[in-house]
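Take a look at the letters that make up each chain.
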Amino acid sequence: MSINYHAFPELFKNLNVELRLRCVNKTMRSNLVTMKHVEIKDTHIFRPRYSETDQMGVVYYGNYAAYFEVGRVELLRRLGVSYAQLEADGTMLPVVHMSIDFKRGAKYDEEVQLETSINEFPTRKISFYHILKDKKGDTLVSGKVVLVFVDKITFKPKSCPEELTSLFSNLS
């Protein structure tokens, strides 16, 4: 599967994409290597449901992991990639690292926006950065989730699937 970003502008209209090149000097070699740095950002607006809150009407801290998953799935979907298709094609994406910083908990029925971004081209892993903001734009919770690409049968790490590699290359 390959998607040309420029051929489907309406699919990507709410997706912010910034592509930068940075140079890294490898000490083992004398040549200069150019690496691409990408910033892809998507925003998902929702209201926490009553069942997601504790007795104080504040979102239970464990639910932020589920919110981050929604952000990841929606960002990839906006790019034209689905988790279900990745799995059908033999790739699983288990979480290997997650960190969350709490400023203030979101409240029941409060409109919040979840910004999810990818800042580096995926290799054997892919990192997602999340910021949950209130209606005024103040940060409530921020976090990072790292997933690794693994073979569906062997569960051994593997490189980023070609369709994702092509997609990120087409964003340039």
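Conventions adopted
- Every chain's residues receive numbers from 1 upward, in the order its sequence appears when written.
- In keeping with the model being predicted, local features are shown solely for residues with a pLDDT of at least 70 and side-chain atom pairs are shown and tallied solely at 80 or more, while totals for entire chains, interfaces and linings include all residues.
- Remark: hydrogens and water are excluded; side-chain values derive from all non-hydrogen atoms of the structure.
- In this scheme, patches are assembled from residues that exceed 30% relative accessible area and form no salt bridge. Like charges are connected within 9 Å, while nonpolar side chains (Val, Leu, Ile, Met, Phe, Trp, Tyr) are connected within 5 Å.
- Throughout, the Shrake-Rupley method with a 1.4 Å probe supplies accessible areas, and for residues the shown protein chains are the sole cover considered.
- Salt-bridge detection follows one rule: a side-chain nitrogen of Lys or Arg within 4 Å of a carboxyl oxygen of Asp or Glu.
- Numbered from the N terminus, helices here are DSSP runs of H or I no shorter than four residues, and strands are runs of E no shorter than two.
- Per-residue accessibility, obtained with a 1.4 Å probe over protein chains only, is compared with the maximum for each type, and a residue is labelled buried under 20%, exposed over 50%, and partly exposed between these values.
- Note on ring pairs: Phe, Tyr and Trp rings are taken, using the six-membered ring of Trp, and paired if centres are within 6.5 Å. Classes follow the plane angle, with under 30 degrees stacked, over 60 edge-to-face and the rest tilted.
- The term nonpolar core refers to a set of buried residues drawn from Ala, Val, Leu, Ile, Met, Phe, Trp, Tyr and Cys, joined through side-chain atoms within 4.5 Å.

A.B. asks: Could you give me a rundown of a nonpolar patch on the surface, with the residues and numbers involved?
C.D. replies: A contiguous nonpolar surface patch, about 360 Å² in accessible area, is contributed by Y60, Y61 and F102. For Y61, the position within the fold is in the loop between β2 (32-46) and α1 (63-78). Among the residues examined, Y61 registers a relative accessible area of 55% and is labelled exposed.

A.B. asks: Talk me through the packing of aromatic side chains; I want residue IDs and the actual numbers.
C.D. replies: What the rule picks out here adds up to six aromatic pairs. Each ring, one from Y64 and one from F102, has its centre 5.5 Å from the other, and the planes form 70 degrees; the classification is edge-to-face. A residue pair is termed long-range when its members are at least 10 positions apart, and Y64 in helix α1 and F102 in strand β4 (residues 95-102) qualify at 38 residues. Its relative accessible area of 45% is what places F102 among the partly exposed residues. Among the aromatic residues, those joined into a ring-pair cluster are F46, Y64, Y67 and F102.

A.B. asks: A description of unusual backbone geometry should follow, citing residues and the corresponding values.
C.D. replies: If you check the backbone angles, D109 has positive phi at about 65 degrees while not being a glycine. Turning to its location among the elements, D109 is positioned in the loop between β4 and β5 (112-120).

A.B. asks: So what about the nonpolar core? Which residues, and what values?
C.D. replies: The biggest cluster of nonpolar side chains holds 32 residues, and the ones touching the most others in it are L132 and L164. Mapped by element, the contributors of at least two residues to this core are β2, α1, α2 (83-88), β5, β6 (125-134), β7 (139-148) and α3 (162-170). Here the element with the most residues in this core is α1; it accounts for six residues.

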